[in-house]
Structures are given as structure tokens and as C-alpha cells.
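The primary structure of each chain is shown beneath.
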Amino acid sequence: MKTRIIGMSHSPFGKLEASLETLISEAASAALADAGVEARDIDAIYVGQFNSGMCAQEFPASLALQADPDLRFKPATRCENACASGSAALYQGINLIEGGLARRVLVIGAEKMTEASPAAIAEGLLGASYRPESQGVEAGFAGIFAEVARAYFERFGDHTEALARIAAKNHANGVHNPLAQLRKDLGVEFCRKVSDKNPVVAPPLKRTDCSPVSDGAAALVLAHPEAAPAGPRQVRFRARAQVTDFMPLARRDLTRLEGAERAWQQLLAEGNVGLEALSLAEVHDCFTIAELMIYEAMGLAPHGQGARAIEEGWVMPDGRLPINPSGGLKSKGHPVGATGVSMHVLAARQLLGEATGVQIPDARLAAVFNMGGMGVANYASLLERVTD
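Here is a short report on the structure shown in this document. Residue numbers here run from 1 along each chain, matching the order of that chain's written sequence. The model is predicted, so local features are restricted to residues of pLDDT at least 70 and side-chain atom pairs to those at 80 or more, both for listing and for counting; the totals for chains, interfaces and linings are taken over all residues. Side-chain figures throughout are based on the complete set of non-hydrogen atoms in the structure, without hydrogens or water.

## Considering the side chain of Asp 215
Part 1 of the reasoning: For the purposes of this entry, the term helix denotes a DSSP run of H or I that reaches at least four residues, the term strand denotes a run of E that reaches at least two, and both are numbered from the N terminus. The topology assignment puts Asp 215 in the loop between strand S6 (205-206) and strand S7 (216-223).
Part 2 of the reasoning: Residues adjacent in sequence count toward polar contacts only when both atoms are side-chain atoms; beyond that, a polar contact is any pair of N or O atoms within 3.5 Å, and within protein one must be able to donate a hydrogen and the other to accept it. A polar side-chain atom of Asp 215 sits 3.1 Å from a polar atom in the side chain of Lys 112.
Part 3 of the reasoning: A contact between two residues is defined here by any heavy atoms of the two lying within 4.5 Å. Every residue in contact with Asp 215, bar those within four places of it in the chain, is listed here: Pro 12, Phe 13, Gly 14, Lys 15, Leu 16, Leu 23, Glu 111, Lys 112, Met 113, Thr 114 and Pro 335.

Here's what the structure looks like:
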């Protein structure tokens, strides 16, 4: 692949005062400045945003033009693919460059969630489910993943301990990430037990099993090698894969993420590498059960044995494959449309040695896995630092 990342930006995640417009325009401005690229030299803009009724401002693509008057009249398009909307926007930018239709593309992911009521947020997130199945589901999308967790527990036994360890790992990682929303080391014991501060949301999932409601934005400037500034501060896409699975859960095995499995298989084959070559991976832990099942989908452990990866320390920052050193969605936050871009920004910073507070030593090759819905939209990327 030719596409390179030459600039990036990332807002803090959390309950922010900034409007969606401000989040988008500030992310765009910061990414252009980081790339050392003038707005007039951008050929196209893609904006990832889910919304689904959580923000009154629809039709956000042109808001990127607020960043600089020279972006006026550039083609700008909004991409939506549930929680993978950011990666959907990114992959459209990659397509343009790989196809020779653009030399530089600005990609932004953004979401403003916290101004909506809890009921509106729950209903909005259910927009990423199959509505004929999700009517009457309580606790919003947590109810969907709770159904998945119950099916997994029924087949493979109670994995409450593994989920608590995943939550505790990601919270401990997030303490060191200055951009993270939840920067508190909760410990395994707190995440394991039901309490007033950690109530059951949808059995067997507790609050610590669920990513938070967040505002935030992230942006990337992509370029063809011939349009990239001189210098070593570049990251290239070595491989990528996109796989879409059935939305109705009735057509799926709830104990595995088959679309994710396909995406990882395609990614590693295209990149001509095995998991042992990876320095780290940022994966879609919208719920702890998702991260557990992603361990299996990526090939780290066999089906039904994902708990080994966390129990034996493989996925810890000092383990054989650190997973979510950023704190993941669980601690960093999950502003839906921003998440896919955020994951790529933080993976790229790892490769450049710029992952403040959460740097994995000598990171050379990083994977990103972003998921929309319950394993419906699956995006997997392999990033490496440009050394030539």
C-alpha cells in the first residue's frame, strides 16, 4: 500500500464543553498543522460520525471547512458505519489515494454525545442493532452485548473474572494516557464485584464492563508518498481489511466474532506477518466481553479460551502482545464516530515514539481493530513506521 499518515490530532475524550462544530474544526486545524500541510493542498475530506439522534447537528461534513477558508469548495463527505464510522471515513480516504484520485486527504472522526439524555443515547446506540430483534431490549446496546456474554458463559463457563481483569487492565493503562476520559486504576477486585458504584447494567455486565458516553474528535492527514513532506515522521499502512457480517444475531454464533476472524486473517495474510511480529494492538473494547472475544478472533487464543490471554498476562503492557495500551474504549472513552480515527492516531503515535505516558518500547508494527455494531462492520489495519 502507498498511503501514509503524515499528520494527526486528538482531543481529550469525556464530557466536553465544545460543540460538534468546534470539535471537528479544531481537530482538522491541529492535524493540518501537525502535517505541515496547507489547507489548500487537501484534495478531499471525510468525516466519520454516527449521531443516530444523539446530536441535533446533522450533516456535519462541511463543518470541517470552518477550520480554514482554503478548505471551501473541497469535496467533503460524511461516512457512517455505526461504531466504525471513523474507520469507514479513513478507508474512503485510503481508497482515494490508492486509486490515484487524490494526493492528500483529511480524515476526521467526531461525536458529541453528552448533551443528549440517557434515554436518547440508549435509543441512539440501538440504531446499530437489528431493530426487529432489539425491540424492548433494556440498557441500550449493553443489553445486546449482555446477550452475547450470556451465550458465551453458557457454552464456556462463567468468565466474570476474565472480564474484571480486562476492565482493570484498561483502567490501569488509561491512568497514564493524558487524553483518556477515565483515569483511575480501579483494580480487579472493584471490577469483579457488584456494588453501589459498580452496579449491574445488563446481567452479567456491570458498569465496569461498559465503555462510557463521550465527546471527542481525532483527525489524520493521509498522503501519497510523492505528496508527503520530507522527513522520517511518517507511518504507512502495510495492510488493511474490511469485512461485513450479518446484522441479525439469529443468523450468527453469538460466542464468536466471525467477521472479525475473517478481517484478522485477511490482514495478517496481506501484511505477510504473524501476531508475533506485532508490537501492540488497539482493539474495540466497547464492552469487556468484546475484547475477550477479539483475543480469539485475532488468533491469540482458540475459541472459548480467550481468558488465557488476560489471565497469563499476554496482553499486559509488558506482555507478549500489549492490547489497548491507550486504555481502550473502556478507559479512554468512546465518542462513537471518533473512535476509529482515534485508534489509528494512537497506534501511529506509538510507532513514532510519541505515545505520551503509554509508550510501548521500540514499537515497530501496530494493529488496529475497529468494530461497528455487534461484530457487523469489521475494520483491521496494520501500521508501520516509514524508515526509507
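There is more to say after this.
## A look at the state of the cysteines
Part 1 of the reasoning: Disulfide assignment relies on a single distance test, namely cysteine sulfur atoms paired within 2.5 Å. In this structure the tally under the stated criterion is zero disulfides.
Part 2 of the reasoning: You can see Cys 191 has no disulfide; the closest cysteine sulfur is in Cys 210, sitting 11 Å from it.

## What about the pattern of salt bridges?
Part 1 of the reasoning: Salt bridge, as used here, is a side-chain nitrogen of Lys or Arg placed within 4 Å of a carboxyl oxygen of Asp or Glu. Here the structure, examined in full by the defined rule, presents 18 salt bridges.
Part 2 of the reasoning: Of the charged contacts, one joins Arg 233 and Asp 34 as a salt bridge, the two residues approaching to 3.1 Å between their closest N and O atoms. Here Arg 233 is found in the loop between S7 and strand S8 (235-244), whereas its partner Asp 34 is found in helix H1 (residues 20-35), with 199 residues between them in sequence.
Part 3 of the reasoning: The partner of Glu 189 in a salt bridge is Arg 192, with the nearest N and O atoms 2.2 Å apart. Taken together, the residues span about one helical turn, with Glu 189 and Arg 192 both in helix H7 (residues 187-192) at a distance of three residues.
Part 4 of the reasoning: Any residue under 20% of the maximum accessible area for its type is buried, any over 50% is exposed, and the rest in between are partly exposed; the area is computed with a 1.4 Å probe on protein chains only. Given a relative accessible area of 41%, Glu 189 falls into the partly exposed group.

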